[in-house]
Amino acid sequence: MQVSARPGPGDSLLDIKGLKVGQAEDTRVRTGTTVILPDAPVAMGVDVRGGAPGTRDTDALDPTCLIDTFHGLVLSGGSVFGLAAADGVTAMLSSRGIGLPLGPRAVPVVPSAILFDLANGGDKDWGDTPPYRDLGIRALIAVGEPIRQGRAGAGYGALAGSKPGGIGTASLVLEDGTAVAALIAVNCFGEVAPGAMQHGEVILPKLGLVGGNTTIGCVATNATLDKAACRRLAIMAQDGLARTIRPIHTPFDGDTIFAMATGEKSASGPLAATLAVLGTLAADCVARAVEKAVAAATG
């Protein structure tokens, strides 16, 4: 089977109808947060490959667990402190009535992942009030704006090997309108190609610190997939990191890729064949998003 795909109109995650993105930064702290918000709850899966991940609510994405659809996704800098960004997002979504109808308040289920940017020279003397809950709220308020690439959102304080890291996004659309896209915050221990490998050498660009790096992101499709299929999509998408970053998935990284499906388009053939195509395109989108993130951050 041979298929062809081209970048979507915006070559970004926003080419998946029904998804919006918001970003916020704290320039003094040198950090930021990115929120991906669907118009309606979506199926979601996750694949964690790095040896030092920082996540929230990823167990709920297990296909054996109860919840089938999810209300948003938060990517943030800040290491463990950045997980508080999801607190602000869930509180604000609940106040809007978005979430599971449990008891007196809606309960949003919003998975999250963080990267480590605490050693980038920003002012981290925030006492007992880290900025991340506020950053989550600000990013949610900004949902609907164009995606800013490079030093923006969760990638604002990122470092990609020896170069500045950042946010990148890309998309591919098949002839029948089925689309796949990626949004990646690149904060890797390894170098981003070209130059990642020279004559078989392994280049270690910065001192390894457990939890001190991490590339996180999301791939999305307008196809109809369940949680299990979304997980397979995330697994295949990780190959895009391996094609652009070397070394990758080290003990120092917490590399985590989420996958979501809006369900706009029904599969026209066997699910396995559909996933083979979507996963291949997802890896392509991830690779291009990584390259675009570093190019925008350094440019």
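Above this text you will find the structure in question.
Conventions and cut-offs
Residues numbered from 1 in each chain as written. Predicted model: local features only at pLDDT ≥ 70, side-chain atom pairs only at ≥ 80, totals over all residues. Heavy atoms only, no water. Phe/Tyr/Trp six-rings, centres within 6.5 Å; stacked < 30°, edge-to-face > 60°. Helix = DSSP H or I, 4+ residues; strand = E, 2+ residues; numbered from the N terminus. Buried < 20%, exposed > 50% of the residue type's maximum accessible area, 1.4 Å probe, protein only. Lys NZ or Arg CZ within 6 Å of the ring centre and 35° of its normal.

S.K.: If you had to explain the packing of aromatic side chains to someone new, which residues and values would you point to?
M.R.: Overall, the coordinates contain three aromatic pairs when judged by the stated rule. Centre to centre, the rings of Phe81 and Trp126 are 5.2 Å apart; their planes meet at 70°, and the pair counts as edge-to-face. Separated by 45 residues along the polypeptide, Phe81 in the loop between β6 (73-76) and α1 (85-95) and Trp126 in the loop between β9 (112-114) and α2 (132-141) bring together distant segments of the chain. When the ring of Trp126 is compared with that of Tyr132, the centres are 5.8 Å apart and the planes differ by 90°; the resulting orientation is edge-to-face. When its relative accessible area of 0% is taken as the criterion, Tyr132 is described as buried. An aromatic cluster is defined as three or more aromatic residues linked by ring pairs; in this entry it consists of Phe81, Trp126 and Tyr132. Here the guanidinium or amino end of Arg151 rests over the ring plane of Tyr156, the centre of that ring lying 5.9 Å away.

S.K.: With reference to specific residues and values, describe unusual backbone geometry.
M.R.: In this chain, Arg246 is followed by Pro247 through a cis amide linkage whose omega measures -5°. Mapped onto the elements of the fold, Pro247 is located in the loop between β18 (245-246) and β19 (256-265). Positive phi values are uncommon outside glycine, yet Asp57 reaches one of about 60°. Residue placement: Asp57 occurs in the loop between β5 (55-56) and β6. Given a relative accessible area of 35%, Asp57 falls into the partly exposed group.

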